[in-house]
Amino acid sequence: MEDEYQGRTFKSGNSVALRLPKGLGIPEGTDVRIVKESAMTFRIEPVASLRRTIDISGFAGKLPGFKPAPREDFGERPGAGARPKALSGE
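Residues numbered from 1 in each chain as written. Predicted model: local features only at pLDDT ≥ 70, side-chain atom pairs only at ≥ 80, totals over all residues. Heavy atoms only, no water.

Draft legend 1. Representation of the overall build of the chain in the model. Counting secondary structure elements, the chain contains 1 helix and 4 strands. The linear arrangement of helices and strands in the chain, starting from the amino end, is β-β-β-β-α. Partitioning the contacts of the chain with sequence separation of at least 6, the portion at a separation of at least 24 is 3%. Total accessible area on the chain stands at roughly 9700 Å², and carbon and sulfur atoms take up 53% of it. (Helix = DSSP H or I, 4+ residues; strand = E, 2+ residues; numbered from the N terminus. Contact = heavy atoms within 4.5 Å. Areas by Shrake-Rupley, 256 points an atom, 1.4 Å probe, with all protein chains shown as cover.)

Dropping the structure here:
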């Protein structure tokens, strides 16, 4: 027994797109390969994707003219129980 769905293609940027119904059971974010078998006949296969990470270690200290503020420029942080005068009504 085959499940049958109908859809309509639409333009998305410079591509033609087709929404896949949730009933097909394809989880969101799945990487797929689309193989054209003949005119208007395609096969969709899942692709094992590698976990993508970004290495930002090369960016540290690269911003020209940036100098972090020294720690002594920051004022004392009020205690957890202290309220600013503007909010306490004083």
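Draft legend 2. Quick peek at the pattern of salt bridges. Under the criterion given, the structure shown has 3 salt bridges. Among the salt bridges present, the one from Glu-45 reaches Arg-33, with a minimum N-O distance of 3.1 Å. One end of the pair, Glu-45, is in strand S4 (residues 41-46); the other, Arg-33, is in strand S3 (residues 32-38), and 12 residues separate them in sequence. For Arg-33, a relative accessible area of 43% gives the class partly exposed. (Salt bridge = Lys/Arg side-chain N within 4 Å of Asp/Glu carboxyl O. Buried < 20%, exposed > 50% of the residue type's maximum accessible area, 1.4 Å probe, protein only.)

Draft legend 3. The arrangement of a nonpolar patch on the surface in detail. Residues Tyr-5, Leu-18, Leu-20, Leu-24, Ile-26, Val-32, Ile-34, Met-40, Phe-42 and Ile-44 make up a contiguous nonpolar surface patch of about 980 Å² in total accessible area. Sorting the residues of the nonpolar patch by element identifies S3 and S4 as the ones contributing at least two each. Here Met-40 is to be found in the loop between S3 and S4. On the basis of relative accessible area, Met-40 is assigned to the exposed category, the value being 75%. (Patch = residues over 30% accessible without salt bridge, like charges linked within 9 Å, V, L, I, M, F, W, Y side chains within 5 Å.)

Draft legend 4. How the structure looks around the pairing of S4. In this structure, S3 lies alongside S4, joined through 6 bridges in antiparallel fashion. Residue pairing in the sheet places Val-32 in a bridge with Pro-46 of S4. What sits between S3 and S4 in their antiparallel hairpin is a turn of 2 residues, with Met-40 showing a positive phi close to 60 degrees. (Pairing = 2+ DSSP bridges.)

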